[in-house]
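# What the coordinates show
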Amino acid sequence: MSAELLTVPEAMALLKVSRWTLYNLLRSGELTSVLVGERCRRIPTTALDAYVTRLCEEAA
């Protein structure tokens, strides 16, 4: 397994956004996540990298 899975609070801390903002990104599909079990949402580090890369490309 190459991608590390982050909890919602960990992803919030890395992006420096609120819980509300992170869940909006997930709902809109801008940021992808996986469910582990029935209720444990995890965000792959690769998804965060891809999101930040897209933001940088759009800003250029």
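Now for a look at the structure at hand. (Residues numbered from 1 in each chain as written. Predicted model: local features only at pLDDT ≥ 70, side-chain atom pairs only at ≥ 80, totals over all residues. Heavy atoms only, no water.)

Across its full length, the protein holds three helices and three strands. Ordered by position from the N terminus, the helices and strands of the protein form the series β-α-α-β-β-α. The proportion of buried residues among the 60 residues of the protein is 22%. Here the analysis covers contacts within the protein between residues at least 6 apart in sequence; of these, 44% occur between residues at least 24 apart. For the protein, the exposed area adds up to about 4400 Å²; of that, 56% sits on carbon and sulfur atoms. (Helix = DSSP H or I, 4+ residues; strand = E, 2+ residues; numbered from the N terminus. Buried < 20%, exposed > 50% of the residue type's maximum accessible area, 1.4 Å probe, protein only. Contact = heavy atoms within 4.5 Å. Areas by Shrake-Rupley, 256 points an atom, 1.4 Å probe, with all protein chains shown as cover.)

Here we take up the environment of R42. In this structure, R42 sits in strand β3 (residues 40–44). When the C-alpha positions of R42 and E10 are compared, they lie 9.5 Å apart, and in sequence the two are 32 residues distant. Setting aside anything within four residues of it in sequence, one finds R42 in contact with L5, L6, T7, S33, V34 and V36.

The next point concerns the nonpolar core. Counting twelve residues, the largest nonpolar core consists of L6, V8, A11, M12, L22, L25, L26, L31, I43, A47, L48 and Y51. Elements represented by at least two residues in this core include exactly α1 (8–15), α2 (19–28) and α3 (45–59). Every residue in contact with I43, bar those within four places of it in the chain, is listed here: E4, L5, L6, T7, V8, A11, L22, L26, L31, T32, S33 and L48. (Core = buried A, V, L, I, M, F, W, Y, C linked by side-chain atoms within 4.5 Å.)

Taken together, the three strands give an open sheet; going across it, the order is β1-β3-β2, and neighbouring strands pair in antiparallel fashion. Looking at the sheet topology across the chains shown, the edges are occupied by β1 (5–6) and β2 (34–36). Sitting on the sheet, α3 is in contact with β1 and β3, with an inclination near 55° to β3. (Pairing = 2+ DSSP bridges. Axes fitted to C-alpha atoms, helices over the stretch in contact; angles between N-to-C directions.)

It is worth spelling out the packing of α1 against α3 at this point. Viewed as axis vectors pointing N to C, α1 and α3 meet at an angle of 30°, and their least axial separation amounts to 12 Å. On the basis of the axis angle, α1 is roughly parallel to α3. Crossing hand, α1 versus α3: right-handed. On the side of α1, the interface is formed by A11, L14 and L15, while α3 contributes L48, Y51 and V52. By residue class, the composition of the contact of α1 with α3 is six nonpolar, no polar and no charged. (Parallel < 35°, antiparallel > 145°, perpendicular 65-115°, else oblique. Left-handed = near helix turned anticlockwise from the far one by under 90°. Nonpolar A, V, L, I, M, F, W, Y, C, P; charged D, E, K, R; others polar.)

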